Amino acid sequence: MKWGLHVIVIALLTFITQVGGMFYALSVALYHLLRIKRTVLKGLLVIAVYLIGILFVIPPLAKMNNRVAMPVFKAKELHIGPHTLFTVLANRHYVRPELKQLLLQVAKEVNNQYPGVTLDYMDGSFPLLKQCRMLPHTKHDDGTKLDVGYIRRHSISGRYTNRYFSFFGYGFSEKPLRGEQNLPEQCAEQGKWQYNLIEQVVPDQHWRKLEFPVAENAFLLKSIVDHPDCRNVCIEPHLKDRLGFSDNAKVKFLGCWAVRHDDHMHVQLKK
């Protein structure tokens with residue numbers, strides 16, 4: 001039973017982080033080799049091996065795979081950072097170098113235009129293997145995609161903020177207004193249960209008085225699609241119209257088979 005639990009943990013860590021299962025297996029081998037009996041010490045060893053692995057072993061291996069980590073601790077200086085540390089600890093913040101430079105340039109442009117804005121990113125790709133799908137995503141497999149959160153502003157203080165509750169950064173959706181195309185409703189009627197799933201499990205946070213500033217998000221979207229290395233950006237049709245990109249072919253909609261994109265933009269690099 002004990003070895004069966006180890007196998008389950010290895011499978012889960014591999015599913016979530018790609019390399020966590022490997023480091024966990026190494027930790028188990030080490031504490032058996034060192035004859036460590038205390039559970040607390042075993043746990044500390046597992047954590048230490050994992051952190052050493054993702055901080056010092058994985059980055060150079062990822063570079064050999066033409067992938068680099070997005071910024072982690074310099075969000076204020078670079079104007080972009082992860083929405084949650086989970087993204088970083090799970091090795092889901094790796095992208096092609098060109099995509100990283102694209103987003104760094106966009107973040108600087110947006111902050112210059114709207115001082116105080118810091119962009120959030122969510123999932124990119126795993127660090128290793130050329131084609132390794134990051135579940136539950138259908139497209140995040142080769143380092144050319146990154147999810148970027150929309151800009152939010154407090155309606156009372158007027159300050160820009162990235163602080164809203166979501167363990168993964170997803171789910172704080174900007175719902176269609178009256179008169180806008182309502183894909184969430186249409187996809188639900190078609191039985192596409194996965195389309196609205198994340199939005200349903202993350203609490204609605206409009207009670208925090210956080211608003212969706214149209215001018216700022218339109219500038220963000222324009223800065224991305226105007227970049228020569230951008231292939232396309234996927235968002236919801238109602239936001240495409242609201243932000244003034246109805247006729248822009250680089251702004252696309254993935255369809256009801258995917259998940260909602262009114263809580264983030266899916267940015268794709270030219271290959």
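For the structure itself, look to the data block above.
Structure report, in brief. (Residues numbered from 1 in each chain as written. Predicted model: local features only at pLDDT ≥ 70, side-chain atom pairs only at ≥ 80, totals over all residues. Heavy atoms only, no water.)

**Some remarks on the packing of aromatic side chains**
And step 1. For the structure shown, the criterion picks out 4 aromatic pairs.
And step 2. Ring plane angle 80 degrees and centroid distance 5.9 Å describe the contact between Tyr 114 and Phe 219, whose orientation is recorded as edge-to-face. Of this pair, Tyr 114 sits in the loop between α6 (97–113) and β4 (119–121) while Phe 219 is found in helix α9 (residues 214–225), placing the two residues 105 residues apart along the sequence.
And step 3. When the centroid spacing of 5.4 Å and the interplanar angle of 65 degrees are considered together, the rings of Tyr 150 and Phe 212 count as edge-to-face. Of this pair, Tyr 150 sits in the loop between β5 (145–149) and β6 (152–154) while Phe 212 is found in the loop between β8 (210–211) and α9, placing the two residues 62 residues apart along the sequence. Summarising the burial analysis for this pair, Tyr 150 and Phe 212 share the class buried. (Phe/Tyr/Trp six-rings, centres within 6.5 Å; stacked < 30°, edge-to-face > 60°. Helix = DSSP H or I, 4+ residues; strand = E, 2+ residues; numbered from the N terminus. Buried < 20%, exposed > 50% of the residue type's maximum accessible area, 1.4 Å probe, protein only.)

**Here we look at helix α2 (residues 20–33)**
Two residues of an α-helix separated by three or four positions point the same way, owing to the 3.6 residues in each turn.
And step 1. With 14 residues, α2 extends 20 Å between its outermost C-alpha atoms, agreeing within 8% with the 20 Å of an ideal straight helix rising 1.5 Å per residue.
And step 2. Those residues of α2 hidden inside the fold are in contact with α1 (2–17) and α3 (39–64).
And step 3. Where α2 terminates, the next one or two residues include Arg 35, which has phi positive at roughly 60 degrees. (Expected span 1.5 Å × (residues − 1). Contact = heavy atoms within 4.5 Å.)

**Points about the side chain of Asn 111**
And step 1. Position of Asn 111 relative to the elements: it lies in helix α6.
And step 2. A polar side-chain atom of Asn 111 sits 3.0 Å from the main-chain carbonyl oxygen of Val 117.
And step 3. When near neighbours in sequence (up to four residues on either side) are disregarded, Asn 111 contacts His 79, Gly 116 and Val 117. (Polar contact = N/O pair within 3.5 Å; in protein donor to acceptor, adjacent residues only side chain to side chain.)

**Focus: the state of the cysteines**
And step 1. All told, the structure shown has 1 disulfide when counted by the stated rule.
And step 2. Covalently, Cys 187 is tied to Cys 256 through a disulfide, its sulfur atoms 1.9 Å apart. Judged by the sign of its S-S torsion, about -70 degrees, the bond between Cys 187 and Cys 256 is left-handed. Of this pair, Cys 187 sits in helix α7 (residues 183–189) while Cys 256 sits in the loop between β10 (251–252) and β11 (264–269), placing them 69 residues apart in sequence. Taken as a pair, Cys 187 and Cys 256 share a single burial class, namely buried.
And step 3. Here Cys 230 stays free of any disulfide, with the sulfur of Cys 234 as its closest cysteine sulfur at 9.5 Å.
And step 4. Residue Cys 230 is classed as buried on the basis of its relative accessible area, which comes to 0%.
And step 5. A residue is classified by how much of its surface remains accessible, and Cys 234, at 4% relative accessible area, is buried. (Disulfide = S-S within 2.5 Å.)

**Some thoughts on the sheet that holds strand β7 (residues 160–161)**
And step 1. Pairing is antiparallel across the open sheet formed by 3 strands, whose spatial order is β7-β6-β8. Lying at the two open borders of the sheet, with one neighbouring strand each, are β7 and β8.
And step 2. The pairing of β6 with β7 spans 2 bridges and is classified as antiparallel. What sits directly across from Arg 152, in β7, is Thr 161. (Pairing = 2+ DSSP bridges.)

**Digging into the nonpolar core**
Side chains of nonpolar character tend, in soluble globular proteins, to be buried together.
And step 1. Counting 35 residues, the largest nonpolar core has Leu 103, Leu 221, Ile 224 and Met 265 as the members making the most contacts within it.
And step 2. Counting only elements with at least two residues in this core, the list comes to α6, β4, β5, α9, β9 (230–234) and β11.
And step 3. Among the elements that take part in this core, α6 stands out by supplying 7 residues, more than any other.
And step 4. Once you skip the residues sitting within four places of it in the chain, Met 265 turns out to touch Leu 146, Asp 147, Val 148, Tyr 150, Asn 217, Leu 220, Leu 221, Ile 224, Val 233, Cys 234 and Ile 235.
And step 5. If you look at the next biggest cluster of nonpolar residues, it comprises 15 residues, including Tyr 31, Val 46, Tyr 50 and Ile 54. (Core = buried A, V, L, I, M, F, W, Y, C linked by side-chain atoms within 4.5 Å.)

**Concerning the pattern of salt bridges**
Opposite charge on two side chains makes pairing possible when the charged atoms of those side chains draw close.
And step 1. In total, this model carries 10 salt bridges according to the counting rule given.
And step 2. A salt bridge links Arg 92 to Asp 123, with the nearest nitrogen and oxygen atoms 3.3 Å apart. Here Arg 92 is found in the loop between α5 (85–89) and β3 (94–95), whereas its partner Asp 123 is found in the loop between β4 and β5, with 31 residues between them in sequence. Here Arg 92 and Asp 123 have matching classes, each one buried.
And step 3. A salt bridge links Asp 141 to Lys 145, with the shortest nitrogen-to-oxygen separation between them at 3.2 Å. Both residues of the pair, Asp 141 and Lys 145, count as buried. (Salt bridge = Lys/Arg side-chain N within 4 Å of Asp/Glu carboxyl O.)

These figures come from the coordinates and say nothing about function on their own.
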